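# Topology and contacts: notes
The chain contents come next:
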Number of protein chains: 2
Amino acid sequence: MTKKSPSPEAVTAWARLMRVSRQLVEKTEDALKASGLPPLGWYDVLHELAEAGEGGLRPFELIDRVLLAQYGVSRLLARLEANGLVEKLPVSDDGRGQTVRITPSGRDMRRRIWAVYGASIADQMGDRLSAQDLKTLASLLGRLRDPPISD
Amino acid sequence: MTKKSPSPEAVTAWARLMRVSRQLVEKTEDALKASGLPPLGWYDVLHELAEAGEGGLRPFELIDRVLLAQYGVSRLLARLEANGLVEKLPVSDDGRGQTVRITPSGRDMRRRIWAVYGASIADQMGDRLSAQDLKTLASLLGRLRDPPISD
DNA sequence: TCAAGCTTGATGCAATTGCATCTATCCGCT
DNA sequence: AGCGGATAGATGCAATTGCATCAAGCTTGA
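Residues numbered from 1 in each chain as written. Chains lettered and ligands numbered in written order. Predicted model: local features only at pLDDT ≥ 70, side-chain atom pairs only at ≥ 80, totals over all residues. Heavy atoms only, no water.

## Structural notes on the overall build of chain A
Scanning chain A for helices and strands turns up six helices and two strands. Secondary structure elements in chain A, listed N-terminal to C-terminal, are α-α-α-α-β-β-α-α. For chain A, the share of sequence-separated contacts (at least 6 apart) that also reach a separation of at least 24 residues comes to 49%. On chain A, roughly 7,700 Å² of surface is accessible, and the fraction owed to carbon and sulfur atoms is 51%. Within chain A, the 20 negative side-chain charges are centred at a point lying 4 Å from the centre of the 22 positive side-chain charges. (Helix = DSSP H or I, 4+ residues; strand = E, 2+ residues; numbered from the N terminus. Contact = heavy atoms within 4.5 Å. Areas by Shrake-Rupley, 256 points an atom, 1.4 Å probe, with all protein chains shown as cover. Lys, Arg positive; Asp, Glu negative; His and termini not counted. Charge placed at Lys NZ, Arg CZ, Asp CG, Glu CD.)

The following block contains the structure:
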């Protein structure tokens, strides 16, 4: 069983992807810290819960959406709850489960994070690539996703 | 002072970039773990040191190359040294510093990691995009880098 | 019905990361 | 020479993450 070797083009693209994504995240996290706001992971969850509306979400539904391990979700939700940003409700038809819902304070926090996060995205992506290039980039990345997105 | 808002195209591209990069890393880390190999970060350092040759590198030179904080480099090098993959040499003209050099065992480990890492890159990038698309992707990502790379 | 196995979510413990600070050395200046 | 500040690297402590496992509730099939 012989191992595959990547093409030089694949290696270059990979290296850039790794470096760029880490740089973008780091700058954004720095901006959040500088504003006294919580890390990006909090935003992801608050965003999903805000989109989900009053019905909320089950923790296991968050696992794939925010790409965290089960214990990661469990602990992140505990932190959010401790900060009053989400609330956990028992769910009637499954005694094991719970439904997690964003609170008004959580919505507010989401907005405040977005003010910084959105600006960071604009700075780091919007200002550097044209709308057309951004679409091309998104499309190429979509084909790397699992499952791939063709647009 | 009004905060900038990102364009929808920028947000989509950002979201894809975040998700894809995390997915790719996670799959690769899983593959390494499955082979009983150390994490990606070890490869990065071993790779830089291998490229640097016999002269080795100073720890502070690794900071920018592998995008780790100073204490991150310090501790990662300690782990690598504890595993006999690198060696630290005092440097003559600066009593504070040290030179870090990869050992034969380190080179070997690098090769073994690459067997898995390279296959993962081939699987996840090479097999999904054409050489032309990979070049386009690398070029677009290069413009997001700091400092940007125009090719 | 009820045991075996699966799913949901939490948690003890170890490893890693982040932050702040420390030590040691070096450099520039007076 | 010697003081003040900068630089190289390490480290104590707290927070986070990863791994393994647990408890509780559900579901299936004999």
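Anyway, onward from the coordinates.
## Considering the protein's contact with DNA strand D
In the vicinity of DNA strand D, 18 residues are found, and the nearest of them are A:Tyr71, A:Arg75, A:Gly95, B:Ser74 and B:Arg96. The sugar-phosphate backbone supplies 58% of the atoms of DNA strand D found within 4 Å of the protein. Take B:Arg58: an N or O atom from its side chain is 3.3 Å from a phosphate oxygen of DNA strand D. Contact between DNA strand D and B:Arg96: a base oxygen at 2.5 Å from a side-chain N or O atom of the residue. Elements with a minimum of two residues in the surface near DNA strand D: α4 (70-82) of chain A together with α3 (59-66) and α4 (70-82) of chain B. (Near = heavy atom within 4 Å. Polar contact = N/O pair within 3.5 Å; in protein donor to acceptor, adjacent residues only side chain to side chain.)

## Here we look at the protein's contact with DNA strand C
The environment of DNA strand C is made up of 18 residues, and the closest members are A:Gln70, A:Arg96, B:Tyr71, B:Arg75 and B:Gly95. Among atoms of DNA strand C positioned within 4 Å of the protein, sugar and phosphate together represent 57%. Between a base oxygen of DNA strand C and a side-chain N or O atom of B:Arg96, the distance comes to 3.4 Å. Of all the secondary-structure elements, those providing two or more residues to the surface near DNA strand C are α3 (59-66) and α4 of chain A together with α4 of chain B. Among the elements that make up the surface near DNA strand C, the one with the highest residue count is α4(A) (four residues). Considering only residue class, the surface near DNA strand C consists of four nonpolar, five polar and nine charged. (Nonpolar A, V, L, I, M, F, W, Y, C, P; charged D, E, K, R; others polar.)

## Brief notes about helix α2 (residues 40-52) of chain A
Residue and element names in this part refer to chain A. Its 13 residues give α2 an end-to-end C-alpha distance of 19 Å, which sits within 8% of 18 Å, the value for a rise of 1.5 Å per residue. Within α2, the full set of buried residues consists of Leu40, Trp42, Tyr43, Val45, Leu46, Glu48, Leu49 and Ala50. Each element contacted by the buried residues of α2 is listed here: α1 (8-34), α3, α4, β1 (86-90), β2 (98-102) and α5 (104-126). Phi for Gly53, located one or two positions after α2, is positive at around 75 degrees. (Expected span 1.5 Å × (residues − 1). Buried < 20%, exposed > 50% of the residue type's maximum accessible area, 1.4 Å probe, protein only.)

## Notes on the packing of aromatic side chains
In total, this model carries eight aromatic pairs over all chains according to the counting rule given. Ring geometry for A:Trp114 against A:Tyr117: centres 5.6 Å apart, planes inclined by 65 degrees, an arrangement best described as edge-to-face. Highlighted residues: A:Trp114 and A:Tyr117, both in helix α5, separated by three residues, approximately one helical turn. The class for A:Trp114 is partly exposed, based on a relative accessible area of 27%. For A:Tyr117, a relative accessible area of 6% translates into the label buried. Three or more aromatic residues joined by ring pairs form one cluster here, namely A:Trp14, B:Tyr43, B:Trp114 and B:Tyr117. (Phe/Tyr/Trp six-rings, centres within 6.5 Å; stacked < 30°, edge-to-face > 60°.)

## What about the relation of the copies chain B and chain A?
After a rotation of 180 degrees and a shift along the axis of 0.0 Å, chain B superposes on chain A with an RMSD of 0.0 Å. The two molecules are tied by a two-fold rotation axis, judged by turn and shift. By residue overlap, the copies meet face to face through one surface: 100% of the interface positions of chain B are interface positions in chain A. (Least-squares fit on C-alpha atoms with pLDDT ≥ 70 in both.)

## Some points on the nonpolar core
For soluble globular proteins, the rule of thumb is that nonpolar side chains tend to be buried together. Residues A:Leu137 and B:Leu137 are the most contacted members of the largest nonpolar core, which totals 80 residues. In contact with A:Leu137, other than residues within four places in its own chain, are A:Met125, A:Leu129, B:Ala13, B:Leu137, B:Leu140, B:Leu141 and B:Leu144. (Core = buried A, V, L, I, M, F, W, Y, C linked by side-chain atoms within 4.5 Å.)

## A closer look at the environment of A:Val86
Residue and element names in this part refer to chain A. Within the secondary structure layout, Val86 lies in strand β1. Separated by 16 residues in the primary sequence, Val86 and Ile102 place their C-alpha atoms 4.3 Å from one another. With residues near it in sequence (within four places) discarded, Val86 still touches Leu46, Leu49, Leu77, Leu80, Glu81, Val100, Arg101, Ile102 and Thr103.

## With respect to the packing of α3(B) against α4(B)
All names here are of chain B. For the pair α3 and α4, the least separation of the axes is 9 Å and the interaxial angle reads 110 degrees. Taken together, the axes of α3 and α4 lie roughly perpendicular to each other. Judged by the twist between their axes, the crossing of α3 over α4 is right-handed. Two secondary-structure elements touch here, α3 through Pro59, Leu62, Ile63 and Val66 and α4 through Gln70, Val73 and Leu77. For the contact of α3 with α4, a count of residues per class yields six nonpolar, one polar and no charged. (Axes fitted to C-alpha atoms, helices over the stretch in contact; angles between N-to-C directions. Parallel < 35°, antiparallel > 145°, perpendicular 65-115°, else oblique. Left-handed = near helix turned anticlockwise from the far one by under 90°.)

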